[in-house]
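Here is how the chains run, residue by residue.
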Amino acid sequence: MDQMCSCTHDSALPTVDELTRSRVSRRQFGVLAVAAAATVGVTAASADPAAAHRGPQHLTRGEFISLISNHFDWVHSSMYIDPYKLPQPTFNDVKLGKTEHSYQIETALEEGVVSNAKRTFNPRKPITRQDAADMLAKAFHLPASDQNALSRFSDANAVDQPLRGSVNAMLAAGFMTGESRTRLSPRSPLSAKEARTIFDRLTRELVSPPQVMCKPGTTAPRRYIDITTPTDGATIHYTYTDDGSEPADPSTDSPTFDLRQNGVLQFVNPLSSTTDSKEYRLKAVAVKDGMSASSVREFSWNIVRPLQGEFRAQQVKRAGRSQPAIWKINNPSEYYQANVYYIEGSRRGIVFDAGEYGAEKADLKAFIDTIASRPYDLVLGHNHPDHAEQIHNFTSAGVTLYCTDREKAALSAARREDHRLAGQAAVAVEDGFEIDLGNVQVSLFHAPGHTNGLITALINQAGWVYCSDHYGCNRPYTADTTQFNSIRADLFLSLQRQLVADYRKRSRSGRVVEVTNAHQDVAVGMECIDNFIECFQNMIDDGDAAIEPSIRGGISGNPTGPVRNSRMSKVGDMWRDPNWIAVGNSIGAGLDQPRDYLSSPTDAYPSGVTVDYNAEGGHLRYSVLSHLEIDGGRLVGTDVHWAPPSNGVENRLTDKFNPWVFDYEIVVPRGTRSVSVLPTAMSSNVRSLTVNGSQVRHSRPVRVPVRHKTRFTVGVVAPDSRTSSEYTFTVRVD
């Protein structure tokens, strides 16, 4: 895959290749002209002997289209997960990841800047003046001109007929001139100097037209829309309709699109709808004082969410010696599109989650019966309505429902009688409970955060994790930022590190291989969990500096969505990284309220916290560990509380490391002479981390000699250099 770079230092002259692989500013383009004059002929000639004939200052077609594509920052479809995206168009002579500038060429084709009618692009050929004019006119959506600017050139007839409108528009607007006053030379190569002049004039005088993600022309059950322009400081105005009618042209009186202020536009077929679909049409224009306004762009999306739908299943994993068969199940009429997974081993199966589609409309249990070839149980990830709708259809038929004690209590206290009955029938399982499916075992782990009783499932032999509203809610087309406001971010970080350690202990390979979330279309890897943890680590390390307005609601609230004034922590680019994560939506209070997503002293439940980390500079006072792993022994944990009791059940996990409990016991087998201790500080910015008084590296193992009743200590000095804590670990030989 081409690597995207950002060249920001004037002192280091970037190569043409570096600049054409990055987004190009006007300043960078000026540097490019110098670089091109010195390097284009050399680099191209080494790859293409014919390039020697085009001179040292001429750009290739691939280089020129890259300048355009990178200016607009167009996203290639291979970079993001969206099952509803259109097939990626290409050329016969362009191979993705192999042909130089292949990503930029294909995005320009997708944007209609170039055509593949002739099936080839010829990326190494010099760019001609007329082709450059055509590409720029289409990229910037220049309108046709009534002026016949071509008439002043003696060789105007040499312009290819299909390109005459574009060339004339560029000339009439003054963005391009002839090679001389009387000669246009439309088929001669364009020099790097000319390209710089043209591009600089265009981007200095004309606001670049708006563009959108998700890409238009698609059919999907939901579309969350971001509108951007490459012109810094420009304001975007938009209008839209949801009934297929043409919107009015936007003006400066039209609504302003600002992702930070309002979040994405949420184009949906709402639950109140009386039709199966809605066609959304959007018009947008970008304006800036001192520049000509952009052209008005129009986009459309077909939002299809049938009022009635049939369940459908896709087998995503084939059964193997040490892996189960797995089916992904959904219903196109569901609003939140939360997948259900049926996991079947050699002797038994489990259904993970129970869907959103109304139990009175169709029976998910009956549909599962058409797939299953073994008896099965139901595991409930959590009790939210898009995951628990059909639980009673299973329990009333004698299927065992497994969940945490907190989810069982929440269901038993529900307003709906069918949920109360299912909750009463549910079996509450302990953290780490294992279900034997025959050739594989599935471990269930408690992971409070999104709800108090959320559970995740690990298929031990395969290292596959399945969950609902935890990790990888990474659909960029629905901006699935997930709420984790049931637990404070610092304690949640600690429990997540412990959970990953539990995964590694149970996984036969010692690692997490895949992660699949109900609101996720393909499995991702451990990088997804790493990014997820990093979202919370950043909150601890940087406080409010790590927080930004939610892409769902922004600061002031989205006019087409309910989420308003909410916080978010994000890692990764949602359009360029399948493992991107955004968590929050409601991390604590709104953006205009004091920070409250970190721990502080409380009498509501036994937390052990004595520092208000939400106070000004509070995140600099973390002198605690988030986790401590022992290799060669076992840490005897303690209770961890994160909230007052709910529905008569304590919000508590047992046998865990609690960052605010400072005395622990370590059990080691007889004959053990030393153990490996891996301490991880809560803050990555601690001033000091010691084991038995000796400085150690953050999150790096160290050997510690042990014998019965010996003790070792771990000391932590907070980023503020003043706050400190010491943990004592007493060894017991078993």
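A brief structural summary. (Residues numbered from 1 in each chain as written. Predicted model: local features only at pLDDT ≥ 70, side-chain atom pairs only at ≥ 80, totals over all residues. Heavy atoms only, no water.)

### Here's the deal with the overall build of the protein
Move 1: Counting its secondary structure elements, the protein contains 15 helices and 34 strands.
Move 2: Looking at the protein as a whole, 56% of its 734 residues qualify as buried.
Move 3: Restricting the contact set of the protein to residue pairs at least 6 apart, pairs at least 24 apart contribute 66%.
Move 4: Summing over all exposed atoms, the protein offers an accessible surface of approximately 29900 Å²; the carbon and sulfur share of this is 46%. (Helix = DSSP H or I, 4+ residues; strand = E, 2+ residues; numbered from the N terminus. Buried < 20%, exposed > 50% of the residue type's maximum accessible area, 1.4 Å probe, protein only. Contact = heavy atoms within 4.5 Å. Areas by Shrake-Rupley, 256 points an atom, 1.4 Å probe, with all protein chains shown as cover.)

### Some words on the nonpolar core
A general feature of soluble globular proteins is that nonpolar side chains tend to end up buried together.
Move 1: Y471, Y503, F536, V714, Y727 and F729 are the most contacted members of the largest nonpolar core, which totals 69 residues.
Move 2: Apart from residues lying up to four places away in sequence, Y503 is in contact with F445, T456, L458, V465, Y471, V512 and I529.
Move 3: Grouped together as the second largest cluster of nonpolar side chains are 44 residues, F64, I65, F121 and A139 included. (Core = buried A, V, L, I, M, F, W, Y, C linked by side-chain atoms within 4.5 Å.)

### A closer look at the pairing of strand β11 (residues 340–344)
Move 1: Extensive coverage of β11 is indicated by the burial of five of its five residues.
Move 2: Every second residue of β11 is oriented toward a common face, with V340, Y342 and E344 on one face and Y341 and I343 on the other, all of them buried.
Move 3: When strand β10 (residues 325–330) meets β11, the two strands line up antiparallel, connected through five bridges. Bridge pairing in β11 places A325 opposite E344. (Pairing = 2+ DSSP bridges.)

### Digging into the pattern of salt bridges
Move 1: For the structure on display, the rule yields 30 salt bridges.
Move 2: Across the pair R204 and D200 runs a salt bridge, and its minimum N-O distance is 2.4 Å. Of this pair, R204 and D200 both sit in helix α7 (residues 192–205), four residues apart, which is roughly one turn of that helix.
Move 3: Judged by its relative accessible area of 41%, R204 falls in the partly exposed class.
Move 4: For K317, the salt bridge goes to E514, with nearest N and O atoms at 2.8 Å. (Salt bridge = Lys/Arg side-chain N within 4 Å of Asp/Glu carboxyl O.)

### Thoughts on the sheet that holds strand β23 (residues 581–584)
Move 1: If you walk across this open sheet you meet the three strands as β21-β22-β23, and the pairing is antiparallel. At either end of the open sheet lies a strand with only one pairing partner, and these are β21 (548–549) and β23.
Move 2: Where strand β22 (residues 567–571) and β23 come together, four bridges link them in antiparallel fashion. Looking across to β23, one finds that K570 is bridged to A582.

### Describing the side chain of K365
Move 1: If you trace the backbone, K365 turns up in helix α9 (residues 364–369).
Move 2: Its relative accessible area of 18% is what places K365 among the buried residues.
Move 3: Setting aside its immediate chain neighbours within four residues, K365 contacts Y376, Q390, N393, F394, A397 and V399.

### Focus on the sheet that holds strand β1 (residues 211–213)
Move 1: Spatially, β1-β3-β6 is the arrangement adopted by the three strands of the open sheet, whose pairing is antiparallel. Bordering the open sheet on either side are β1 and β6 (265–268), each of which pairs with just one other strand. Ignoring which end each strand starts from, the neighbouring axes of this sheet average 30° apart.
Move 2: Of the strand pairs in this sheet, strand β3 (residues 222–228) and β6 are connected by four bridges, and their pairing is antiparallel. If you follow Y224 over to β6, its bridge partner there is Q266. (Axes fitted to C-alpha atoms, helices over the stretch in contact; angles between N-to-C directions.)

### Quick notes on the packing of helix α14 (residues 489–506) against helix α15 (residues 526–542)
Move 1: The N-to-C vectors of α14 and α15 enclose an angle of 155°; their axes lie 9 Å apart at closest approach. Judged on the interaxial angle alone, α15 and α14 are roughly antiparallel. When the axes of α14 and α15 are compared, the crossing they make is left-handed. Between α14 and α15, the residues in contact are A489, D490, F492, L493, Q496, R497, V500 and Y503 and M526, I529, F532, I533, F536, Q537, M539 and I540, respectively.
Move 2: Partitioned by chemical class, the residues of the contact of α14 with α15 number 12 nonpolar, two polar and two charged. (Parallel < 35°, antiparallel > 145°, perpendicular 65-115°, else oblique. Left-handed = near helix turned anticlockwise from the far one by under 90°. Nonpolar A, V, L, I, M, F, W, Y, C, P; charged D, E, K, R; others polar.)

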